[in-house]
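# Report on the structure
Each chain is listed here by its residues.
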Amino acid sequence: MRIDIITVSPELIKSPFEYSIIKRAIDKNLVEIHFHDLRKYALNDYGKIDDYQFGGGAGMVLMIEPIDKCISKLKAQRNYDEIIYLTPDAPTLNQQMANTLSLTENILILCGHYKGVDQRVRELLITKEISIGDYVLSGGELGAAVLCDAIIRLIPGVLGDESSALTDSFQDNLLSPPVYTRPAEYKGLEVPKILLSGNFPKIDEWRNEQALERTKKIRPDLLED
Ligand code: ADE
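For the structure given in this document, a descriptive report is provided here. Every value quoted in this text rests on a predicted model; they were computed, and no experiment measured them.

It is worth spelling out the overall build of the protein at this point. The helix and strand inventory of the protein stands at seven helices and nine strands. Along the longest, intermediate and shortest principal axes, the C-alpha atoms of the protein span 70 × 40 × 35 Å. Looking at the protein as a whole, 41% of its 225 residues are labelled buried. Accessible surface, the protein: about 13,500 Å² in total, of which carbon and sulfur atoms supply 52%.

Any two packed helices are characterised by how steeply their axes cross, that is the angle between the axes, and by the distance between the axes. One way to put it is that helix 4 (residues 95-102) packs onto helix 6 (residues 141-152) with a least axis distance of 8 Å and a crossing angle of 70 degrees. Taken together, the axes of helix 4 and helix 6 lie roughly perpendicular to each other. Crossing of helix 4 over helix 6 shows right-handed handedness. Listed contacts from helix 6 to Ala98, Leu101 and Ser102 of helix 4 are Leu147, Ala150 and Ile151. Tallied by class, residues from the contact of helix 4 with helix 6 come to five nonpolar, one polar and no charged.

This paragraph deals with the pairing of strand 5 (residues 82-86). Across the five residues that make up strand 5, a large majority, four, are buried. A crossover connection joins strand 5 to the parallel strand 6 (residues 106-111) through helix 4; in handedness this β-α-β unit is right-handed. Note that strand 5 and strand 7 (residues 128-130) share three bridges and pair parallel. Bridge pairing in strand 7 places Ile84 opposite Lys128.

Looking now at the side chain of His36. Among the secondary structure elements, His36 is positioned in strand 2 (residues 32-37). Given a relative accessible area of 13%, His36 falls into the buried group. A distance of 2.7 Å separates a polar atom in the side chain of His36 from a polar atom in the side chain of Asp4.

In terms of nonpolar packing, the biggest core is built from 25 residues, with Ile3, Ile5, Phe17, Ile84, Ile109, Leu147 and Ile152 touching the most fellow members. Broken down by secondary-structure element, the contributors of at least two residues to this core are strand 1 (2-7), helix 2 (20-27), strand 5, helix 4, strand 6 and helix 6. Here the element with the most residues in this core is helix 6; it accounts for six residues. If we ignore the near neighbours within four places in the chain, the residues touching Ile152 are Ile3, Phe17, Ile22, Ala25, Val31, Ile33 and Val158.

Looking now at helix 3 (residues 64-77). Taking 1.5 Å as the rise per residue, helix 3 with 14 residues should run 20 Å; its terminal C-alpha atoms sit 20 Å apart, in good agreement. Among all positions of helix 3, only Ile64, Pro66, Ile67, Cys70, Ile71 and Leu74 are buried. Elements that come into contact with the buried residues of helix 3 comprise strand 1, strand 2, strand 4 (60-62), strand 5, strand 6 and helix 5 (119-124).

With that settled, the discussion passes to the side chain of Thr104. Looking at where Thr104 falls in the secondary structure, it is placed in the loop between helix 4 and strand 6. From its side chain, Thr104 meets the backbone oxygen of Leu101 in a polar contact 2.6 Å long. Residues within four places of Thr104 in sequence aside, it is in contact with Met1 and Asp81.

With that settled, consider the site of the ligand. Leu86, Thr87, Pro88, Ile130, Ser131, Ile132, Gly133, Tyr135, Val136, Leu137 and Gly139 make up every residue found near the ligand. Taking Gly133, its main chain carries an N or O atom lying 3.1 Å from a nitrogen atom of the ligand. Against a free-state accessible area of 260 Å², the protein chains account for coverage of 96% of the ligand. Looking at the shell around the ligand, its residues break down into seven nonpolar, four polar and no charged.

Most peptide bonds are trans, and most residues other than glycine sit at a negative phi. Residue Pro183 follows Arg182 across a cis peptide bond; omega there is 5 degrees. In this structure, Ser20 is a non-glycine residue whose phi angle is positive, near 55 degrees. Assignment of secondary structure puts Ser20 in helix 2. The phi angle at Phe170 is positive, at roughly 80 degrees, despite the residue not being glycine. You can see Phe170 is positioned in the loop between helix 6 and strand 8 (185-186). On the accessibility criterion, Phe170 (32% relative accessible area) is partly exposed.

The rules we used
- Residues numbered from 1 in each chain as written.
- Predicted model: local features only at pLDDT ≥ 70, side-chain atom pairs only at ≥ 80, totals over all residues.
- Heavy atoms only, no water.
- Helix = DSSP H or I, 4+ residues; strand = E, 2+ residues; numbered from the N terminus.
- Buried < 20%, exposed > 50% of the residue type's maximum accessible area, 1.4 Å probe, protein only.
- Areas by Shrake-Rupley, 256 points an atom, 1.4 Å probe, with all protein chains shown as cover.
- Axes fitted to C-alpha atoms, helices over the stretch in contact; angles between N-to-C directions.
- Parallel < 35°, antiparallel > 145°, perpendicular 65-115°, else oblique.
- Left-handed = near helix turned anticlockwise from the far one by under 90°.
- Contact = heavy atoms within 4.5 Å.
- Nonpolar A, V, L, I, M, F, W, Y, C, P; charged D, E, K, R; others polar.
- Right-handed = clockwise from strand over helix to strand, strands pointing away.
- Pairing = 2+ DSSP bridges.
- Polar contact = N/O pair within 3.5 Å; in protein donor to acceptor, adjacent residues only side chain to side chain.
- Core = buried A, V, L, I, M, F, W, Y, C linked by side-chain atoms within 4.5 Å.
- Expected span 1.5 Å × (residues − 1).
- Near = heavy atom within 4 Å.

Spelled out as structure tokens, the structure:
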């Protein structure tokens, strides 16, 4: 899989790709990440990529020309399954979206900044819009890092234990059950006896019950689907 990321702050987004599971996926050639600095496609030598919004109002808007130049250049080199714009005014990222995107070959991600992008970018160039939650970040870079992490860990071969992504929270619209490790008792708090029993069908049953109970309590909305 190849992921291209267009950003005005390449340095802001690079570090999450330099550690842990994501780095290992890159080292194993399971995913390639390419960063593109939008300022290289600026309108003038001062690096102009944004302007005031028509109609007045605070905040600069990223202009369409630099973004079009950058996306057109990349599209001439390969086909993209999706061209994604990270923005708070979009459907919220969930596990199903991550699952679907992990099966693609090439995706292009545009990070918004300032007040966002000219609406015509969204109409002409973008195929999918994603928010990472109901709050506003300073730009799309952290959102893009979250999206990439959620996708990359699902690519076959990235996680050591293939089954572990399938037992994550949200894979069945359920939160994960609690987990424990040694010691079996700490400051009077004991690990549930069933987990020490070696009775694996019963352990599975207990985990399912716990997952359902937690979901009902913390995220009942997940059970509505
Ligand atoms: N850019 C700013 N806020 C965002 C959010 N919540 N999700 C994705 N991109 C964003």
